[in-house]
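Architecture at a glance
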Amino acid sequence: MDISKPFTIGVLTSGGDAPGMNAAIRAVVRTGMTHGANVFGITGGYEGLVAGEFRPLGARDVGGILQRGGTILQTSRSARFMEPHGQRDAIRKMNEVGMDGLVVIGGEGSLKGAYALHQQGIKVVGIPGSIDNDVWGTNISVGTDTAMNTIMEAVDKLRDTASSHRRAFLIETMGRNCGYLAVMAGIVCGAEIVLIPEVPVAVEEVARTIEDAYMRGKTHAIIINAEGSGIRTTDLSRALEDKDVGFKTRVTILGHIQRGGSPTAYDRLLASRMGYKAVEALLSGKSGVMTGLKGRGVDYVPLEDVISHKRTANLEYYEMTKTLAR
Ligand code: F6P
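Note that the structure is a prediction, hence the values are computed from the model and not measured.

Bringing the overall build of the chain into the picture now. Summing up its helical and strand segments, the chain has twelve helices and eleven strands in all. Here the chain has a C-alpha radius of gyration of 22 Å; the compact-globule value for 326 residues is 20 Å, and the two agree. In the chain, which comprises 326 residues, the proportion classed as buried is 54%. Long-range pairs, those at least 24 residues apart, make up 76% of the contacts in the chain between residues at least 6 apart in sequence. Summed over all atoms, the accessible surface of the chain reaches about 14,000 Å², with 49% contributed by carbon and sulfur. The average position of the 37 basic charges and that of the 35 acidic charges among the side chains of the chain differ by 4 Å.

Right under this line is the structure:
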């Protein structure tokens, strides 16, 4: 490293936005500055890295963003960067401005990109940011808690109508490959049944469960369906109507509502801690690691391990949703 030049850090957000990403950006900028580093914000994730869309970020540029959802840097899912020539162009752009290290805030796919850069000699530290909580190596990712609270608020409202009308509400949560949000929503919202990508369930079993709930005198039924469960929520609703399970049905697809909104205190804290630790890692010469919450502390987890493992929903908690639905 050239000691006459301050260490220069680039920070980007990539993949689906997640509440708390701004808090992480703020922590990266302010921690970097405290240690005498320069920080550049990269616009639009890896797309911006390939195109060299960098802007210097100072302490005041990240003022008033702690409580904001989304990402002030914007984000993308960059197909270009996944190709070797895209990565080559990105490294060239980093070299042009003398960028010494990079903080990547994003989910599984984004962390794969970070590892690819690390393998090519770039100093990279990842921060897990994903509402799905599908990143291995951390108890929880930035954004998951806020999404969970958004789901809980929505289901609480839907339950009012469900019990007033004696209906079954089918609620679709996000979670392409991982049923974390659906399982936890099942617990905190009191669902009769939860459908997740990890455990295939036949429509007949759903119908039996809901009819049984009706017979036991329940005033309503909540069915949580993760988007990646393999059963389309609208098809399931039609099937339950056809089978006449007692309750009439209604469908709510929560969709991108789950991605937005002001981060919870938990997400602000997690993002701030991880942003701080990510910069500490870079400045102490670490690379190819991700900040991961383990027990009470934020640790460094090799990106190689992160991307070679699949994070699935906790099946013990999945079983628990059935017991608690009595
Ligand atoms: O990865 C986060 C996620 O919210 C998934 O749960 C969902 O399948 C996907 O993003 C939706 O992505 P997009 O914003 O591109 O529609």
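Within the secondary structure, Asn225 sits in strand 8 (residues 221-226). Leaving out residues up to four positions away in the same chain, Asn225 has contacts with Ile171, Glu172, Thr173, Leu195, Ile231, Arg232 and Thr233.

In this section: the pattern of salt bridges. All chains considered together, the criterion is met by 13 salt bridges. When salt bridges that share partners are traced, they join Arg232, Asp235 and Arg238 into one network.

Among the secondary structure elements, Met82 is positioned in helix 3 (residues 79-82). Contact partners of Met82, with chain neighbours within four places excluded, come to Gln87 and Gly109.

Moving on, we come to the packing of helix 7 (residues 180-189) against helix 12 (residues 315-324). The geometry of helix 7 relative to helix 12 is characterised by a closest axis approach of 9 Å and an angle of 30° between their N-to-C directions. With respect to helix 12, the axis of helix 7 lies roughly parallel. As helix 7 packs across helix 12, the resulting crossing turns out to be left-handed. Residues Val183, Met184, Gly186 and Ile187 of helix 7 form the contact with helix 12, whose participating residues are Tyr317, Tyr318, Met320, Thr321 and Leu324. The class makeup of the residues in the contact of helix 7 with helix 12 is seven nonpolar, two polar and no charged.

Parameters at a glance
Residues numbered from 1 in each chain as written. Predicted model: local features only at pLDDT ≥ 70, side-chain atom pairs only at ≥ 80, totals over all residues. Heavy atoms only, no water. Helix = DSSP H or I, 4+ residues; strand = E, 2+ residues; numbered from the N terminus. Rg over C-alpha atoms; globule rule 2.2 N^0.38 Å. Buried < 20%, exposed > 50% of the residue type's maximum accessible area, 1.4 Å probe, protein only. Contact = heavy atoms within 4.5 Å. Areas by Shrake-Rupley, 256 points an atom, 1.4 Å probe, with all protein chains shown as cover. Lys, Arg positive; Asp, Glu negative; His and termini not counted. Charge placed at Lys NZ, Arg CZ, Asp CG, Glu CD. Salt bridge = Lys/Arg side-chain N within 4 Å of Asp/Glu carboxyl O. Axes fitted to C-alpha atoms, helices over the stretch in contact; angles between N-to-C directions. Parallel < 35°, antiparallel > 145°, perpendicular 65-115°, else oblique. Left-handed = near helix turned anticlockwise from the far one by under 90°. Nonpolar A, V, L, I, M, F, W, Y, C, P; charged D, E, K, R; others polar.

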